[in-house]
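# Tertiary structure, described
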Amino acid sequence: MRGLPSAEQLNQAEAKARSGFVESVNRIKEYEAWAKANPGKFTDRVRKFAGLGWFIVFSTVVLLLVALGLLIWLAVVRGRVYPWGIFAIGAVLFSVLVSLLQQNRYEEQFELTREDAPLLWAEVDKITAQSSAPPVSKIVLDSDLNAYAGTRSKYLLFGKREHVLTLGWSLLQFLSADEVRSVIAHEFGHFSGRHGNFGARSRGLFATLFALYQSLAGGLTGFIFKPILSWYFTRFEAMTFVLGRDNEYDSDAFAAKYTSPLSAAQGLVRSHISELAPFNPKDGIIPEIAQRASSPPRDLVVRLHGYIARQEIGSEAEENLRQALKQQTDYNDTHPALSDRLKALDQVRSFDDWMARLRAPYRNGIEEFFGENWQAIAEKLSAFWYARIEPKWSEIISDQESIGTRELELQNLRAEGKLLASGYESLASIYQERRDHAALIEVLQEGREKFPDNERLMLVEGWKRLNLDKDDSGLAVLDEAMLKDPGITESAASVAFGYLSQRGDTALAEKYRLKVIEWSARVDAVRASMEKLAPTDRFVPVDLEPRERVVLAESLKKISKLDVAFLAEKVLTLETDFRLTLLLVFPKKKLGLEVISHTGLAQEVADKIEISKPCLVIVPGDLAKWEPILDNIRGARIVG
């Protein structure tokens, strides 16, 4: 199709992405080796490099001010007015000023007062007194199985900084009292090392440099400025990656010193066995806690407390720990692997030793730091959550009901023997998202028997074999699925990468990560070309979440009569199989929607779409494949 990149151009984009990834990993390895050979000096080196970034920013601003002053002088003294030059420089300076004064926006959080939890605050005060950490401004509660040390201010770079300790209710209940102390101390290691302060300044530096990059990356200024910024970004990003990993080791050491190496290690280990589904305030759906009622429960956190208390260390949790103890530190996460963190704490123990310790009776953090007041705090947190989620509840339940309706329709077709491959895909997606593994396996086995070559069912099969069966044969299934439909490369390779990383097979995991990177380069190359096909507006693809895909037909009904309507589906194009977005180009308007879906659903949606104005439908690949689907889109002129 005219205007789209050739296979050679796509291969070049992949090769460039692969080279950039390898270069990035090698740079990180180089900085890691330097930091190890020069302990204590690497942090200074990174801070000095950050200073170079600010020098680039302010020297560029000075040059722009000089240029602007020269243009104003020419206008006033010589009568030579260059309005576009004044406007262009003024726009750049304004974008820099906006980035420097950018406000941080924080979601409202549940603050735990000293009156609510005097014992917890006393522990925090004790750690503060024994460290060089600044005083904690707030302790806030959420429901995560995690803790965070946050340093924040009103503006990205300016304003009084406050230090916020965030603790998850699930974490406090799941860990022993000593383990909770070690986790809090770990976060104080971040406070003490001023890691948050430097992180905030780094984000401000990146934002300001990016503002300059966007303004100056084109034309003559781009010839000079773009290489400088590219050189700086790649190196500073690698440096901060290494620094972030060092910060984790330093904070672990701080926790071990405040409590004990064993407590610090055991807190890390216990976090890796949890198979809880921590309460998520974005949707508030845990089947055991929040049923599909007309309004959310007012005592959700109290229910959550009981839900967590009933959890036991089962075979799946044991397997999680086995894998975590094998996993090696890779270059995908600044947090080191559990095995390396335990080694740094000199707490390398056998799996059986850890399991015996984790199964021993213990007093948890809720009992230790809240005591009899735990229910009052849980009720306050429930009320806080209720006030935030209640206005959205009808929408949440509606989404769930839409999925339920779709599930019922599909199950009826299945019972009648009329369910297509696309229907099995949809059912598998529903059960996979719900973690209903028994239903997933049943539907998957039946779908694979009827449609053995369906690549999307193969994708789910590969995921099941790896993540449920712990069977390496899932890798071959995923490889075959990617050969059949390269459009699922990102999903399939990500599944394989996650599994292999957990298993500790870093070398093979990186090969799958490269597949994801190469695929992303391919998508970017095609999107860039598609943007040129209709120059009146910018083409912005929209990615849909799995839940949204399930109710895609309903969503399309609501917008089908707008001036800009769409239908998107996987497309075969160019010399290779390659998923692309179907693009509807209207007079002066267009909209692209990227959907990972299937032909059956496309046909169902196309039957219900009417377009109120004539449009041009650009279909890459074999036009014959698309004519049956597009016949019902009225007013469309189809071009292959």
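A brief report on the enclosed structure follows.

### Details of the sheet that holds strand β1 (residues 110–111)
Each strand in a sheet pairs with its neighbour through backbone hydrogen bonds, running either in the same direction (parallel) or in the opposite one (antiparallel). Here we have four strands laid out as an open sheet, ordered β1-β2-β4-β3, and mixed in their pairing. Only two strands of the sheet have a single neighbouring strand rather than two, namely β1 and β3 (147–152). Note that β1 and strand β2 (residues 138–142) share two bridges and pair antiparallel. In the strand pairing of β2, glutamate 111 is matched with valine 140. Against the sheet, helix α4 (residues 118–129) engages β2 and β4 (162–168), with an angle of about 125 degrees to β2.

### Thoughts on the packing of helix α10 (residues 300–309) against helix α15 (residues 374–389)
Interhelical geometry of α10 versus α15 gives an angle of 125 degrees and a closest axis separation of 6 Å. Overall, the two elements α10 and α15 adopt an arrangement that is oblique. Of the residues in α15, those touching α10 at Leu300, Val301, Val302 and His305 are Trp374, Gln375, Ala378, Glu379, Leu381, Ser382 and Trp385. Among the residues making up the contact of α10 with α15, the classes are represented as seven nonpolar, three polar and one charged.

### Brief notes about the pattern of salt bridges
Note on pairing: side chains with opposite charge can pair once their charged atoms come close. This model, assessed by the stated rule, comprises 24 salt bridges. For the salt bridge of arginine 341 with glutamate 248, the shortest nitrogen-to-oxygen distance reads 3.8 Å. Taken together, the residues span a long stretch of sequence, with arginine 341 in helix α12 (residues 338–344) and glutamate 248 in helix α8 (residues 219–258) at a distance of 93 residues. By the burial criterion, arginine 341 is buried, and glutamate 248 matches it. Within the structure, one salt-bridge network assembled from shared partners comprises Glu123, Asp178, Arg181, Arg363 and Glu368.

### Considerations on the packing of helix α9 (residues 261–271) against helix α13 (residues 351–359)
As a packed pair, α9 and α13 sit with axes 11 Å apart at the nearest point and diverge in direction by 90 degrees. By the angle between their axes, α9 is roughly perpendicular relative to α13. Every residue of α13 that contacts α9 at Leu262, Ala265, Gln266, Val269 and Arg270 is listed here: Trp354, Arg357 and Leu358. Partitioned by chemical class, the residues of the contact of α9 with α13 number five nonpolar, one polar and two charged.

### Comments concerning the nonpolar core
Leu141, Trp169 and Phe370 are the most contacted members of the largest nonpolar core, which totals 56 residues. In terms of residues, this core owes the most to one element, helix α6 (residues 177–192), which gives six residues. In contact with leucine 141, not counting residues within four places along its chain, are Phe110, Leu112, Leu167, Trp169, Leu172, Phe370, Ile377 and Leu381. Counting residues in each nonpolar core, the second largest holds 38 residues, with Val46, Phe198, Leu229 and Val242 among its members.

Cut-offs used in this document
- Residues numbered from 1 in each chain as written.
- Predicted model: local features only at pLDDT ≥ 70, side-chain atom pairs only at ≥ 80, totals over all residues.
- Heavy atoms only, no water.
- Pairing = 2+ DSSP bridges.
- Helix = DSSP H or I, 4+ residues; strand = E, 2+ residues; numbered from the N terminus.
- Contact = heavy atoms within 4.5 Å.
- Axes fitted to C-alpha atoms, helices over the stretch in contact; angles between N-to-C directions.
- Parallel < 35°, antiparallel > 145°, perpendicular 65-115°, else oblique.
- Nonpolar A, V, L, I, M, F, W, Y, C, P; charged D, E, K, R; others polar.
- Salt bridge = Lys/Arg side-chain N within 4 Å of Asp/Glu carboxyl O.
- Buried < 20%, exposed > 50% of the residue type's maximum accessible area, 1.4 Å probe, protein only.
- Core = buried A, V, L, I, M, F, W, Y, C linked by side-chain atoms within 4.5 Å.

Honestly, that's just the spatial picture; any functional story needs more than this.
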